Amino acid sequence: MKGLMQDFPLTIQHIMWRAEKLFREKEIVSKLPSGLHRYTYAEFAERARRLAAALIDSGVKPGDRVATFAWNHYRHHELYFAVPCIGAVLHTLNIRLFPEQLIYIANHAEDRFVFFDDSLVSVLDPISAEFTTVERFIKMGEGDSKTESVDYEEFIRSYDPIDQWPAVDENAAAGMCYTSGTTGNPKGVVYSHRSTVLHSFGVNTGNANGLKEDDVTLAIVPMFHAMAWGQPYSATMAGCTQVYPGPFLDPASLLDLMQSQRVTVSAGVPTIWIGVLDELSKNGYDLSSVRLLTAGGAAVPRSMIESFDSNGLSLVQGWGMTETSPVCALGHLKSSLQAEDDETKFRVKAKTGFLIPGVELRIVDDKGKELPWDGKSFGEIQVRGPWIASDYYNDPRSADSFMDGWLRTGDVATVDELGYLQIVDRTKDLVKSGGEWISSVELEKEIMGHPAVLEAAVIGIPHAKWTERPLACVVLREKMEASSDEIIAFLEDKVAKWWLPDDVVFIAEVPKTSVGKFDKKVLREKFDGHKLPTDV
Ligand code: ADP
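Here the structure is a predicted model, which means the values were calculated and not measured. (Residues numbered from 1 in each chain as written. Predicted model: local features only at pLDDT ≥ 70, side-chain atom pairs only at ≥ 80, totals over all residues. Heavy atoms only, no water.)

1. Section: the overall build of the protein
Helices and strands together make up the secondary structure of the protein, namely 15 helices and 26 strands. Computed over C-alpha atoms, the radius of gyration of the protein comes to 23 Å, within 12% of the 24 Å expected from 2.2 N^0.38 for 536 residues, which places it in the range of a compact globule. Here the protein holds 536 residues, and 59% of them are scored as buried. Long-range pairs, those at least 24 residues apart, make up 68% of the contacts in the protein with a sequence separation of at least 6. Of the roughly 22,400 Å² of accessible surface on the protein, a fraction of 51% belongs to carbon and sulfur atoms. Taken together, the 55 basic and 76 acidic charged side chains of the protein have centroids lying 2 Å from each other. (Helix = DSSP H or I, 4+ residues; strand = E, 2+ residues; numbered from the N terminus. Rg over C-alpha atoms; globule rule 2.2 N^0.38 Å. Buried < 20%, exposed > 50% of the residue type's maximum accessible area, 1.4 Å probe, protein only. Contact = heavy atoms within 4.5 Å. Areas by Shrake-Rupley, 256 points an atom, 1.4 Å probe, with all protein chains shown as cover. Lys, Arg positive; Asp, Glu negative; His and termini not counted. Charge placed at Lys NZ, Arg CZ, Asp CG, Glu CD.)

As structure tokens, this is what we get:
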């Protein structure tokens, strides 16, 4: 027997419909070099409809890729909606990638239009001529560019708002984002309308971000990375007031915005939150409006969760990847744990979290055997669900990443009886010592708990006897001191003896990837040939 419900397409047009019908009075606030810009959802929708009319009139057809090269602000938000709502595909170019990678991506995706920020011309101008499929560049902002372009406001000015959105299939492509690609060229992930809408529902459930109409969101995660962790869509669906920081991602600017706009929910990578905590410890801010901060994209040290807690702020860890839209799990404390002591609660909160509705996972060993959820056995996480990628765009490497309807994540984890996931490491970052694995992530988290340590990254160094041994690369806080021996002694009661780093080196800064994660590839190159004191 068939269900007798409507086959209503899940498209971004529905999110737009809500914005226009239910939340016309709500505001979108953007911090720009020219000052604070604010307008209502009604104005946003009117401009997005004019942009849609301009795109169609300029020849953009369903399925065409329209790229953006921009910070987080209201015009980027207009593109997030206008492009997919006419059936075209929003391709967010990651402005922090190397020039060769950007050229590869724009050409691989066959972008036809590029919308770029005037503040990014120093990156774009030298390479724009090599975007071989691009027909038109549209500049956002009044600054000059060497790339021949039309001005965004000019582009939409003469158009009336499009009346009716064209019919769009829910399985049609809506957005595209390339993974940063730690090895080889980046790989293209293609989100559909359906996956985007379902992901927004998932993100808005109570054990995820639980966004409501009265929330004020601050989207720190760049709109050029993993669709800003879904915030532009989920916040618009919920009708939140939305705040965009533009290019101002320094801790003081972010805290100013949080304070002045009475932000309630925000998300960012741990690196951002490390800076924010540091600034908070130096200068006072009124963050009484904040109800939830989330951190993901890299392991969150327990000490960071505790520091936020001592500032009266709840920082919840999340897990996901570009291929998973990206949100899969969040580390809220279950009710069955609320009565536990602080030690237990922080131990659980330092785990990676449990799945949000819509996503399923399994952990498997290197022979593909499924492992129990006992909190001890660790293996690769594989995930499936309606917002998990089933393939990469035109990429022969797909075969390695997808099997039997599951995505192989390359992340190694345990899952406990309560369903809490604990990322142990990325397969390629594990330190392989004497046939056993040492979790670099675990060591980093513990080292970053030392009061003098600002950041720490651990890499495996080749070792004659043990294959590899851990080297800790440590950045000390300003005006603080700690010796290599002190750091190792600090770890002694926290990790197994054989996990202790064989050496600690002090560096000025941990190199970061385009999205602010520790770039261990650079560290491995830097310490290639490093002689460990324990090696013979
Ligand atoms: P990239 O592969 O370009 O870094 P993503 O931004 O998609 O792309 O990163 C996804 C990866 O980030 C995950 O596969 C995982 O290794 C890591 N990650 C995400 N969240 C966490 C977390 N809470 N703890 C540890 N690692 C995480």
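2. Observations concerning the domain arrangement of the protein
One can read the domain layout of the protein as domain 1 (7–21 + 37–192) and domain 2 (429–526). Inter-centroid distance (C-alpha atoms) of domain 1 to domain 2 is 40 Å. (Domains from an automatic or database assignment.)

3. Thoughts on the pairing of strand β3 (residues 65–69)
Counting buried positions over the five residues of β3 gives five, a clear majority of the element. Both faces of β3 are covered, namely the face carrying Arg 65, Ala 67 and Phe 69 and the face carrying Val 66 and Thr 68. Of the strand pairs in this sheet, β3 and strand β4 (residues 89–92) are connected by four bridges, and their pairing is parallel. What sits directly across from Thr 68, in β4, is Thr 92. As for the winding sense of the linkage, the β-α-β connection from β3 through helix α3 (residues 74–85) to β4 is right-handed. Two elements, β3 and strand β5 (residues 111–117), share five bridges in a ladder whose sense is parallel. Within β5, the position partnered with Thr 68 by the bridge is Phe 115. (Pairing = 2+ DSSP bridges. Right-handed = clockwise from strand over helix to strand, strands pointing away.)

4. As for the sheet that holds strand β8 (residues 173–178)
Strands pair in a sheet through their backbones, by hydrogen bonds, and they do so in one of two ways: parallel or antiparallel. Spatial strand order, β7-β6-β5-β3-β4-β8-β9: seven strands in an open sheet with mixed pairing. The sheet terminates laterally at β7 (150–151) and β9 (188–192), the two strands that pair on one side only. Packing of helix α7 (residues 193–203) onto the sheet brings it into contact with β8 and β9, and relative to β9 it is tilted by some 75 degrees. (Axes fitted to C-alpha atoms, helices over the stretch in contact; angles between N-to-C directions.)

5. Notes on the nonpolar core
If you look at the biggest cluster of nonpolar residues, it comprises 84 residues, and the most contacted ones within it are Leu 51, Leu 55, Phe 115, Phe 155 and Ile 381. The element contributing the most residues to this core is helix α2 (residues 41–57), with nine residues. Those residues within four positions of Leu 55 in sequence are excluded, and the remaining contacts are Val 60, Val 83, Ile 86, Phe 113, Phe 115 and Phe 155. Core analysis: the second largest hydrophobic core is formed by 60 residues, Leu 102, Ile 127, Val 276 and Leu 287 among them. (Core = buried A, V, L, I, M, F, W, Y, C linked by side-chain atoms within 4.5 Å.)

6. Concerning the layout of surface pockets
Size it by volume and the second largest pocket reaches roughly 620 Å³. Along its surface, the second largest pocket is lined by 23 residues, and Arg 347, Gln 422, Glu 442, Lys 445 and Glu 446 are the ones closest to its centre. Mapped by element, the contributors of at least two residues to the lining of the second largest pocket are α11 (302–310), α12 (342–349), β21 (421–426) and α13 (440–447). Across the lining of the second largest pocket, the residue classes break down as seven nonpolar, six polar and ten charged. (1 Å grid on protein atoms, 1.4 Å probe; cavity = no way out; pocket = protein on both sides within 12 Å on 5 of 7 lines; lining within 4 Å. Points joined across faces, edges and corners; volume = space filled by probe spheres on them. Nonpolar A, V, L, I, M, F, W, Y, C, P; charged D, E, K, R; others polar.)

7. Some remarks on the sheet that holds strand β10 (residues 216–219)
The strand order β2-β1-β11-β10-β12-β13-β14-β15-β16 describes an open sheet built from nine strands, whose pairing is mixed. In this open sheet, the two strands that pair with only one neighbour each are β2 (35–40) and β16 (354–355). Sheet topology places strand β12 (residues 265–268) next to strand β13 (residues 292–295); four bridges connect them, and they run parallel. Bridge pairing in β13 links Ser 266 to Leu 293. Across the sheet, α3 touches β1 (27–32), β2 and β11 (241–244), and the angle it forms with β1 is around 130 degrees.

8. Overview of the site of the ligand
Close contacts around the ligand come from 16 residues, with Ser 180, Thr 322, Asp 411, Arg 426 and Lys 517 the closest. Contact between the ligand and Gly 297: a nitrogen atom at 3.0 Å from a main-chain N or O atom of the residue. Residue Ala 299 places a main-chain N or O atom 3.4 Å away from a nitrogen atom belonging to the ligand. At the level of elements, β14 (315–320) and β21 are the ones that each hand at least two residues to the shell around the ligand. Top contributing element to the shell around the ligand by residue count: β14, with four residues. In terms of residue class, the shell around the ligand is made up of five nonpolar, eight polar and three charged. (Near = heavy atom within 4 Å. Polar contact = N/O pair within 3.5 Å; in protein donor to acceptor, adjacent residues only side chain to side chain.)

9. Notes on the environment of Leu 454
Summarising the element assignment, Leu 454 is placed in strand β24 (residues 453–463). Setting aside residues up to four positions removed in sequence, Leu 454 forms contacts with Ile 274, Met 448, Val 475, Leu 476 and Arg 477.

10. Topic: helix α8 (residues 231–238)
Most of α8 is tucked away, with eight of its eight residues classed as buried. Of all the residues in α8, the buried ones are Gln 231, Pro 232, Tyr 233, Ser 234, Ala 235, Thr 236, Met 237 and Ala 238. Looking one or two places after α8, you find Gly 239, whose phi comes out positive at around 85 degrees.

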